[in-house]
Each structure stands twice: as structure tokens, then as C-alpha cells.
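# Residue-level structure breakdown
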Amino acid sequence: MILATFAALAFAYVGMTALCLAMSRHHREWCGAAPSPRRSRALRIAGAMALALSLLLCFEQRVWSIAIVCWFGLLSAAALLLVFAWPYAMKAAVRGALLSMLPGGAIAARLLFDSLRG
Amino acid sequence: MKGSFTQSMAWLHTWGGLVASWLLFAIVFAGTLSVFEFEITRWMQPETHRAQPAASREAAIQTAERYLREHAPAAGSWMIGLPGAREALLEVSWRDGRQQTQHLLDPASGVQVHPRATEGGHHFVHFHVELHGGRIGLFVVAAATLFMLAAIISGIVIHKRIFKDFFTFRPGKGQRSWLDAHNASGVLTLPFLLMIAYTGVTISVMQLVPATVQARYADNPRGPRADVVRDFSRPAARQAAPLLPLESFIAPGEALLGAGSTGGLLVRNPGDVAAQVEVIRRLDDRIAAVGDRAVFDGVSGTLLDQQTEWNSAAYFYRSLVGIHLARFGGYALYWLYFISGLAGSALIATGLLLFTEKRLKARDVTGEGRFHRFVARLNVGATAGLMLACIAYFWANRLIPAARAERETLEIALFFASWAAALLHGLLRPPRHAWREQLAATAALCLLLPLLNTLTGGLPLPQAIAEEQWTIAGVDLVALAFGFAAVCAVWMLSRERKPRTLRRRRAAAEPT
């Protein structure tokens with residue numbers, strides 16, 4: 001359960017970062033140019049999907065009521081981390097999101113594999 | 001309160017927020033610490049730090065039963081609280097007539113542990129709920145919470161860029177940065193803030209509006225509970241009969257309540273023909289704070305009755321209680337509540353700072369300088385001073401001799417004395433100095449706490465980490481984290497430029 005929670009936190013953070021980059025002001029802060037409408041939409045969809053995956057991971061070994069409370073808490077924590085890290089270490093904040101997808105994705109894939117098999 | 005809807009909401013947010021915030025910061029910050037009530041209590045009783053876990057749950061129950069047979073063979077009832085993820089000790093208590101006795105045992109050896117008398121982490125809970133002020137305190141807290149709800153709602157109305165500024169924080173820009181921080185800590189934890197403020201008021205409704213109970217139960221305040229929680233007790237038959245070994249009730253109990261779910265056992269009339277053993281389910285794996293129970297005949301072992309179904313209104317009410325208290329979901333959830341609570345504290349503190357930042361700049365124009373300077377000074381003691389008092393309470397716990405009479409009252413008295421001293425200090429010193437001095441004092445007390453723990457008989461931090469005793473190490477580590485944060489705050493304050501008015505005044509005073 002603890003691994004799934006970490007993966008859920010990772011994807012909450014990934015989702016928040018993608019949603020942040022989908023906004024032209026933050027995208028401009030990050031790389032100097034506003035995102036194209038297509039890119040902006042892609043980031044928004046990716047962000048929403050990451051947040052949905054985060055919710056799914058919260059359900060691992062939890063009753064649904066606690067899972068939802070947990071998800072709201074993770075969303076807050078991830079967004080707070082991103083917002084207060086952003087002005088100081090933008091590049092690291094985005095890189096962190098990309099890197100956290102590796103262990104997060106591995107855990108999610110493993111859980112999916114286990115649930116399909118068993 | 002003239003003008004448009006938004007303007008009146010802004011007025012409500014500003015003034016409603018201001019009058020309640022000095023108190024609200026204390027309530028929210030104490031509530032945040034209350035999440036780790038049990039860990040703080042454990043830390044504050046170093047006599048328990050070296051307790052060892054039992055070999056198994058069955059062994060712990062046998063140890064407790066042996067102890068009770070020896071020390072309370074004639075008691076009317078026995079109660080056993082099993083060690084869990086947060087409670088390291090085995091708790092046994094018994095009732096003789098009206099007198100209740102409670103002992104704490106080392107689960108491995110079964111030897112009684114004698115911890116010092118302290119309110120421990122419960123002090124923060126008690127302060128959070130009613131400021132140690134009984135019924136009046138409860139009403140004051142409830143009133144402040146209603147102000148908080150009003151401030152949250154009016155804040156949503158006047159914050160027109162909730163989504164546009166969702167991820168916005170621009171540091172180093174004075175008032176702008178404080179407003180960004182205020183908005184971010186509010187918007188990003190909004191579900192938590194609404195939930196905690198709303199449930200904070202509603203779960204006290206029976207005390208706040210006694211008419212709700214009186215209308216149906218007349219003058220019996222226990223009426224609602226008696227209607228919901230079924231009473232399984234039966235009188236003793238005054239005829240001796242051997243009690244089955246208590247651990248033998250776990251398997252049939254958990255067949256009804258769920259595997260691994262036993263939190264404690266209640267034995268009525270031990271040693272009597274009418275003995276009963278009640279298996280009580282633990283509360284920490286669902287939101288609603290209700291205790292399912294199964295009760296067995298203590299002599300024959302047959303199931304007598306059970307309560308796993310609840311009146312739906314009562315279940316809903318206990319869900320509000322549970323979601324506020326956060327006793328469910330394990331450490332992941334406790335930490336999320338803790339972080340959200342800190343964000344809520346930051347929301348209130350930045351709100352207070354914004355009030356003065358905005359107005360002190362314009363004070364020469366408005367001519368309300370004296371009031372705003374007073375607010376600026378009160379802010380110091382209400383926020384930094386409260387945090388200083390909280391860490392001073394940890395020091396009081398270890399510096400007051402363990403055997404001193406009424407030490408638990410003295411600890412709390414020292415908490416209030418430190419807070420009063422900090423408020424006074426904040427009113428007397430210029431705010432810039434007062435902030436720095438109180439934060440520096442907080443930093444010193446926080447950073448030295450692990451050392452104090454080691455020197456006054458606690459489990460030293462390195463050893464606690466090595467032995468994975470996280471309930472003890474956690475308190476030291478969080479204190480260190482707060483200490484570093486306070487050091488950063490002091491460093492930022494001393495780097496800040498002097499206010500322009502001061503420099504101007506100084507320039508004017510200098511002969512040219």
C-alpha cells in the first residue's frame with residue numbers, strides 16, 4: 001500500500017505539473033514561449049489522465065471513502081510542492097515530474113499486472 | 001459595508017478574518033499538532049521509550065490476562081487495549097464498583113511501566129477543542145470557526161483568478177508575494193479547509209445547541225448514545241466458574257469483525273458464571289468512528305450478541321467525527337492532514353501579515369497608524385509566539401521533575417505563560433525585531449529538542465532511527481524540520497531591506 005501511495009503522489013505531482021505547463025504564462029516562464037494550442041490541449045489531457053491514475057492508485061488496499069480523502073490530500077500536497085518550488089527551481093520541478101514517472105509507472109504497471117493475473 | 005456584493009464580501013473577509021485570525025491561528029496550529037497526539041504523548045513519556053513489542057498478539061493478551069488475574073481478581077470488569085501501530089504499550093484497566101484503575105505494561109515483559117503524569121499530545125487536542133476553557137472555550141472556538149467558514153466562502157468570492165493564478169507564486173515582491181502565498185495555501189487546500197471547518201462546528205452540535213438533545217431526551221445527555229450503542233451487560237450471578245483463555249475469543253470474534261481487526265477486549269464479571277467477553281474492533285480502518293463489537297459467553301464461548309450495524313443517522317454523524325479527527329488510513333493520511341493543517345496555519349498567518357502590509361504603507365494618508373501598528377505587533381505573538389509556546393511546552397515536559405506533584409497542570413501553565421510572554425514581547429518590541437527574536441528562540445528550542453530528549457532519558461534520535469522507532473524519532477525529526485524552517489525565516493528577515501520610511505526618517509534626522 002505504501003508503494004502505491006508513493007506512486008499516487010508521483011502521478012498527482014506529474015498531473016499538476018502538466019496542468020501548470022498547459023497554461024501559457026507558466027509555459028513561457030519555463031521555456032520562453034507560449035505553448036501551441038495543440039500542445040496546451042495535449043498537456044491538459046495528459047495532466048487529467050495522470051490525476052485519474054493517481055486516484056486509481058489510491059484505491060489500492062483502501063476502502064473507497066478513505067481512498068478519496070487520500071486523493072484530495074495528495075492533490076493538495078503535490079500542488080503545494082509544485083507551486084512553492086516553481087519560482088526557485090522551475091527546470092528541476094519539471095525534471096522531477098518526468099523522473100518520478102519511472103518508479104511511479106513501474107509500481108502502477110506492477111499493480112496492474114498483479115490484478116490482471118490474480 | 002456599502003457597494004457591490006464583491007465589495008461587501010471583501011469587507012467581510014478583511015474584518016471578519018482579522019478579528020478571528022489571532023485565535024484561529026492558535027486553534028488550527030494546535031489542531032495540526034493534534035494529528036500526532038499519540039506520538040507526542042509517547043515522546044513526552046520517556047519512561048516508555050524502551051518498551052519492547054510482544055512476540056505476538058496472543059502473547060500480549062496472555063500477558064494482560066495474567067496481570068489482571070494477579071492484580072484484580074475480584075474486579076467487576078477488565079479492559080485490555082492491545083498495542084497497535086501508534087500505541088507501543090499494553091493497556092490494562094479494571095473497574096471495582098465505581099473506581100477505575102489503569103496500568104500500562106511493557107508488552108514483552110509484562111512489567112508495569114510508570115510514565116510521568118502529563119497531558120502529552122492531548123494538551124493540543126484539548127486546547128484545539130476548547131482552549132482549556134470548558135464550555136465557554138468550546139463556544140469561543142465554535143464562533144471562531146464560523147468566522148473561518150465565512151472567511152473561506154467570502155475569500156472564494158473575492159478571489160477572481162482562482163484558476164488563472166492556480167499555480168502562481170512570485171517571491172521577493174513584498175505584498176504581492178504574501179498575497180500569492182495566501183491564495184496558494186488557501187486554494188490548493190480548499191477541500192480540506194472547507195471539510196475541517198464545517199465538521200469542526202457540526203461535530204460539537206450537541207454541546208453547542210443542547211436543545212437538539214433536550215427536545216428528545218429531556219435532561220439525559222447520554223440518551224443519544226444509549227439509543228445507538230447497544231448495552232450487552234448482564235449482572236453477575238455470584239457463582240464462580242472458570243473463564244476461558246482470553247486469546248481464544250480472537251478467532252471467533254474476527255470471523256465476525258474482520259481478520260486482524262481486534263483493538264481490545266472487555267471482560268465483564270470475570271470468574272463468574274455470567275462472565276462475558278466483548279471483542280472490540282479497532283477504529284482506524286474506516287472513516288466513521290464507530291466500534292463494532294461481538295460479545296461471547298466467557299465460560300462456554302458461545303456468541304451472545306453483536307453490533308456491526310448502525311443507525312444510519314448516527315453512522316453519518318460518526319463519519320463527520322471521524323473525518324475531522326483523522327484516526328483512519330494510517331500514516332499516509334496522518335501526514336496529509338498534518339501538511340494540510342500547516343497550509344491552513346500559513347493561510348491564516350499570511351492573511352494577518354497582508355492586513356498590516358497593505359495598510360502600514362498607507363498609514364500616513366489614512367491616519368489610522370496607531371491601530372495598524374497595534375495589529376502588526378499583536379500578529380507577532382499570535383503566530384510566532386504561539387509556535388514558541390508549543391515548543392516551550394515540550395521543554396517544560398522534560399525540565400519539570402518527573403515525580404513533581406501536579407506536573408501536568410504546571411506544563412500547561414508554562415505553555416500559557418510562554419505564550420503570554422511572547423504576546424507581551426511582541427507588543428513592546430518593534431515588530432521587525434520581535435519577529436526575528438521570537439523565530440530565533442523557536443529555532444533554538446526546536447533544533448536542541450533531540451539533545452534535550454537524549455539528556456533527559458529519552459531514546460536518542462540516532463538509536464530511535466536505527467531501531468525504526470518512528471513514533472519517537474518522528475517528533476525529534478519534525479522539531480528539527482521546524483527549527484530549520486525558523487532559521488530560514490530569520491535569515492530572510494535579516495536580509496530584508498529596512499523599511500523605506502525608517503530610512504527616510506533617519507536621513508532627515510542626520511545633519512547635512
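Analysis parameters
Each chain has its residues counted from 1, following the order in which its sequence is written. For naming, the first written chain is A and the first written ligand is 1, with later ones following in the order written. Thresholds applied to this predicted model are a pLDDT of at least 70 for local features of residues and 80 or more for the giving and counting of side-chain atom pairs; totals over whole chains, interfaces and linings are not thresholded and use all residues. Working from all heavy atoms in the structure, the side-chain values ignore hydrogens and water. Secondary structure elements are defined from DSSP: runs of H or I of at least 4 residues count as helices, runs of E of at least 2 residues count as strands, and each element is numbered from the N terminus. Contacts are assigned to residue pairs with any non-hydrogen atoms lying within 4.5 Å of each other. The method behind every accessible area is Shrake-Rupley, applied with a 1.4 Å probe, and residues are considered shielded solely by the protein chains displayed. Counted as positive: Lys and Arg. Counted as negative: Asp and Glu. His and the chain ends are not counted at all. All charge positions are set by atom: Lys at NZ, Arg at CZ, Asp at CG, Glu at CD. Here the quantity called buried area is the accessible surface, traced with a 1.4 Å probe, that two parts lose on coming together, added over both. Here, a salt bridge means any side-chain nitrogen of Lys or Arg that lies within 4 Å of a carboxyl oxygen of Asp or Glu. In this count, Pro and Cys sit with the nonpolar residues alongside Ala, Val, Leu, Ile, Met, Phe, Trp and Tyr, while Asp, Glu, Lys and Arg are called charged and the others, Gly among them, polar. The buried label goes to any residue with under 20% of its type's maximum accessible area, the exposed label to any with over 50%, and the partly exposed label to all in between, with areas taken from a 1.4 Å probe on protein chains only. Here a polar contact is taken to be a pair of N or O atoms separated by no more than 3.5 Å, where protein atoms must pair a possible hydrogen donor with a possible acceptor and residues adjacent in sequence count only if both atoms sit in side chains. Patch construction takes residues with relative accessible area above 30% that form no salt bridge. Like charges are linked within 9 Å, and nonpolar side chains (Val, Leu, Ile, Met, Phe, Trp, Tyr) are linked within 5 Å. Aromatic rings from Phe, Tyr and Trp, with only the six-membered ring used for Trp, were paired whenever their centres fell within 6.5 Å, and each pair was classed as stacked if the ring planes differed by under 30 degrees, edge-to-face if by over 60, and tilted otherwise. Each ring is checked for a lysine NZ or an arginine CZ that lies within 6 Å of its centre and within 35 degrees of its normal; such an atom marks a charge sitting over the ring.

### Observations concerning the overall build of chain B
- The secondary structure content of chain B amounts to 21 helices and eight strands.
- A separation of at least 24 residues holds for 68% of the contacts in chain B among residues at least 6 apart in sequence.
- Accessible surface computed for chain B: about 24,800 Å², of which carbon and sulfur atoms make up 62%.
- Once the 51 positive and 39 negative side-chain charges of chain B are each reduced to a mean point, those two points are 16 Å apart.

### Examining the interface of chain B and chain A
- Taken together, the contact pairs 27 residues of chain B with 25 residues of chain A.
- Buried area between chain B and chain A, both sides added, is near 2,100 Å², and the carbon and sulfur share of it is 79%.
- At the boundary of chain B and chain A, one finds one salt bridge.
- Counting only elements with at least two residues in the side of chain B that touches chain A, the list comes to α6 (175-187) and α13 (330-361) of chain B.
- Tallying contributions element by element places α13 of chain B first for the side of chain B that touches chain A, with six residues.
- In the side of chain B that touches chain A, the residues fall into 18 nonpolar, four polar and five charged.

### Topic: the environment of Arg116 of chain B
All names here are of chain B.
- Along the chain, the position of Arg116 falls in the loop between β4 (112-113) and α4 (122-130).
- For Arg116, a relative accessible area of 9% gives the class buried.
- Among residues more than four places away in sequence, those in contact with Arg116 are Met44, Gln45, Pro46, Glu47, Asn397, Arg398, Ile400, Ala402, Arg407 and Thr456.
- There is a polar contact of 2.8 Å between the side chain of Arg116 and the backbone oxygen of Asn397.

### Re a nonpolar patch on the surface
Residue and element names in this part refer to chain B.
- Together, Trp11, Trp15, Phe371, Phe374, Leu424, Leu427 and Leu428 make up an exposed nonpolar region whose accessible area comes to about 680 Å².
- Looking at the nonpolar patch, the elements that each hand over two or more residues are α1 (5-34), α15 (369-399) and α16 (407-428).
- When residues in the nonpolar patch are grouped by element, the largest group, three residues, is from α16.

### Details of the packing of aromatic side chains
Residues and elements named next belong to chain B.
- Counting across every chain of the model gives 24 aromatic pairs over all chains.
- Consider the rings of Phe25 and Phe29, whose centres lie 5.8 Å apart with planes at 5 degrees: the pair is stacked. Taken as a pair, Phe25 and Phe29 lie in helix α1 at a separation of four residues, close to a single helical turn. Like Phe25, the residue Phe29 is buried in the burial classification.
- Both rings, one in Phe127 and one in Trp419, keep their centres 6.0 Å apart while their planes meet at 75 degrees; by these two values the pair is edge-to-face. One end of the pair, Phe127, is in helix α4; the other, Trp419, is in helix α16, and 292 residues separate them in sequence. Residues Phe127 and Trp419 agree in their burial class; the two are buried.
- The residue whose ring lies beneath Arg86 is Tyr334, and the NZ or CZ to ring-centre distance is 3.9 Å.
- Between the NZ or CZ atom of Arg495 and the centre of the ring of Trp491, over which it lies, the distance is 4.7 Å.

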